Amino acid sequence: ETGVTQSPTHLIKTRGQQVTLRCSSQSGHNTVSWYQQALGQGPQFIFQYYREEENGRGNFPPRFSGLQFPNYSSELNVNALELDDSALYLCASRTGNYGYTFGSGTRLTVV
Amino acid sequence: KNEVEQSPQNLTAQEGEFITINCSYSVGISALHWLQQHPGGGIVSLFMLSSGKKKHGRLIATINIQEKHSSLHITASHPRDSAVYICAVRSAGNTPLVFGKGTRLSVIA
C-alpha cells in the first residue's frame with residue numbers, strides 16, 4: 001500500500017544546477033521526513049517537517065532546503081548540485097505514533 | 001558510529017530455507033521498523049514494533065527491548081523475497097527514523 005507519491009521518478013541534472021523534488025503525502029499525515037540514500041547504503045536523514053515547520057535536520061548543508069504545504073505535500077530543494085548529490089531521495093510521512101508510509105523515491109543523477 | 005547495526009550484510013539462501021536477519025541498536029527507542037526495499041527503490045513497511053512479536057504471513061518480527069535487539073524471520077523463503085531488508089528505529093517524540101545499512105537477501109530457486 002502506498003499513499004505517498006514522489007515526482008519525478010528519475011532526474012538527470014548538471015553540476016551547479018538546482019533541483020526541486022516533490023512528495024505528496026496521505027491526507028492527515030502532518031509529519032514528513034526526507035532521506036538521501038546513496039548506492040549500497042541505508043537512508044540518511046535530511047530533515048523533517050511537522051505542520052509546515054522544520055523540526056529536525058540531519059547533517060546536510062544549507063543548500064538542502066524544504067517546504068511543507070497545508071495540503072500535505074512537500075518539497076526538497078537542492079541548490080548548487082554536486083556530483084555526490086547523486087542518490088535516491090525518499091520521502092516518508094506519518095501521523096501521530098503510527099508507522100511511516102514511504103514513497104517510491106526520486107533517483108537523482110548529477111553529471 | 002552507526003546507531004543501528006544489521007547482520008548479515010548479504011545473505012544467499014535456497015528456496016524454502018528459514019532466514020533470520022538481526023538488528024542491534026544503541027539508543028533508547030519508542031519503535032523499531034522493519035522495511036523491505038526492492039531494486040526499484042521503493043520502501044514498504046513490513047512491521048512496526050515496540051515490544052514482543054508480530055507475525056504477518058511468512059514473516060515474523062521480534063524485539064527484545066532490554067537487549068536492544070530485533071530479528072526478522074522469513075519462513076519457507078521464496079525467490080520473490082529477494083530484496084534489501086532494512087531496520088530503522090525511532091526515539092521518543094517527533095524524532096526521525098535512524099536506519100541500518102540493510103541486509104541484501106537473495107533467495108535462489
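A brief structural summary. Keep in mind that what you see is a predicted model, and the values were worked out from it rather than measured.

## Observations concerning the pairing of strand E9 (residues 83–90) of chain B
Residues and elements named next belong to chain B.
Inference 1: Across the 8 residues of E9, 8 count as buried, placing the element largely inside the fold.
Inference 2: The alternating pattern of E9 places Ala83, Tyr85, Cys87 and Val89 and Val84, Ile86, Ala88 and Arg90 on opposite faces, both of which are buried.
Inference 3: Bridge count for strand E4 (residues 31–37) against E9 is 7 bridges, and the pairing is antiparallel. Among the inter-strand pairings, Gln36 is bridged to a residue of E9, identified as Tyr85.

## Topic: the interface of chain A and chain B
Inference 1: Contacts between the two partners involve 21 residues from chain A, matched on the other side by 19 residues from chain B.
Inference 2: Carbon and sulfur atoms supply 52% of the area buried between chain A and chain B, which totals about 1,600 Å² over both sides.
Inference 3: Its largest share of buried area at the contact with chain B, chain A owes to A:Pro43, A:Tyr100 and A:Phe102, together 33% of the area lost on that side.
Inference 4: At the surface where chain A touches chain B, the tally comes to 0 salt bridges.
Inference 5: Mapped onto the side of chain A that touches chain B, the elements with two or more residues apiece are strand E4 (31–37), strand E5 (44–50) and strand E9 (87–94) of chain A.
Inference 6: The class makeup of the residues in the side of chain A that touches chain B is 9 nonpolar, 11 polar and 1 charged.

## Considering the pattern of salt bridges
All names here are of chain A.
Inference 1: The tally for this structure, following the rule as stated, stands at 5 salt bridges over all chains.
Inference 2: The closest approach of N and O atoms between Arg63 and Asp85, which form a salt bridge, is 2.8 Å. Of this pair, Arg63 sits in the loop between strand E6 (53–57) and strand E7 (64–68) while Asp85 is found in the loop between strand E8 (73–78) and E9, placing the two residues 22 residues apart along the sequence.
Inference 3: Exposure remark for Arg63: the relative accessible area of 16% places this residue in the buried category.
Inference 4: If you follow the salt bridges from partner to partner, you end up with Arg63, Glu82 and Asp85 in one network.

## Notes on the sheet that holds strand E3 (residues 19–25) of chain B
Residue and element names in this part refer to chain B.
Inference 1: Reading across from one edge, E1-E3-E8-E7-E6 is the order of the 5 strands in this open sheet, with antiparallel pairing throughout. If you trace the sheet from one side to the other, it starts and ends with strand E1 (4–7) and strand E6 (52–56), each paired once. Neighbour-to-neighbour, the strand axes of this sheet turn through a mean angle of 15°, independent of strand direction.
Inference 2: With 5 bridges connecting them, E6 and strand E7 (residues 59–64) associate as antiparallel partners. Note on E7: the bridge partner recorded for His56 is Leu59.

## What about the packing of aromatic side chains?
Inference 1: Tallying each qualifying case throughout the model produces 6 aromatic pairs over all chains.
Inference 2: For the ring pair A:Tyr35 and B:Phe99, a centre distance of 4.9 Å and an interplane angle of 80° mean the geometry is edge-to-face. In this pair, A:Tyr35 sits in strand E4 while B:Phe99 sits in strand E10 (residues 98–99), so the two residues belong to two different chains. Of the two residues, A:Tyr35 and B:Phe99, neither departs from the other in class, the shared state being buried.
Inference 3: Residues A:Phe47 and A:Tyr49 carry aromatic rings whose centres are separated by 5.5 Å and whose planes lie at 90° to one another, so their mutual orientation is edge-to-face.
Inference 4: Overall, A:Phe47 belongs to the buried group, its relative accessible area being 0%.
Inference 5: With a relative accessible area of 7%, A:Tyr49 lands in the buried category.
Inference 6: Through a chain of ring-to-ring contacts, three or more aromatic side chains come together here, namely A:Tyr35, A:Phe45, A:Tyr100, A:Phe102 and B:Phe99.

## Some points on the nonpolar core
Buried together is how nonpolar side chains tend to be arranged in soluble globular proteins.
All names here are of chain B.
Inference 1: Ranked by size, the top nonpolar core spans 22 residues in total, and within it Ile19, Tyr25, Leu32, Trp34, Leu72 and Tyr85 carry the most contacts.
Inference 2: At the level of elements, E3, E4, strand E5 (43–49), E7, strand E8 (69–74), E9 and strand E11 (103–108) are the ones that each hand at least two residues to this core.
Inference 3: Those residues in contact with Ile19, other than ones at most four positions away along the chain, are Leu11, Ala13, Leu72, His73, Ile74, Ser77, Leu105 and Val107.

Rules and cut-offs
- Residues numbered from 1 in each chain as written.
- Chains lettered and ligands numbered in written order.
- Predicted model: local features only at pLDDT ≥ 70, side-chain atom pairs only at ≥ 80, totals over all residues.
- Heavy atoms only, no water.
- Buried < 20%, exposed > 50% of the residue type's maximum accessible area, 1.4 Å probe, protein only.
- Helix = DSSP H or I, 4+ residues; strand = E, 2+ residues; numbered from the N terminus.
- Pairing = 2+ DSSP bridges.
- Contact = heavy atoms within 4.5 Å.
- Buried area = accessible area lost by both parts, 1.4 Å probe.
- Salt bridge = Lys/Arg side-chain N within 4 Å of Asp/Glu carboxyl O.
- Nonpolar A, V, L, I, M, F, W, Y, C, P; charged D, E, K, R; others polar.
- Axes fitted to C-alpha atoms, helices over the stretch in contact; angles between N-to-C directions.
- Phe/Tyr/Trp six-rings, centres within 6.5 Å; stacked < 30°, edge-to-face > 60°.
- Core = buried A, V, L, I, M, F, W, Y, C linked by side-chain atoms within 4.5 Å.

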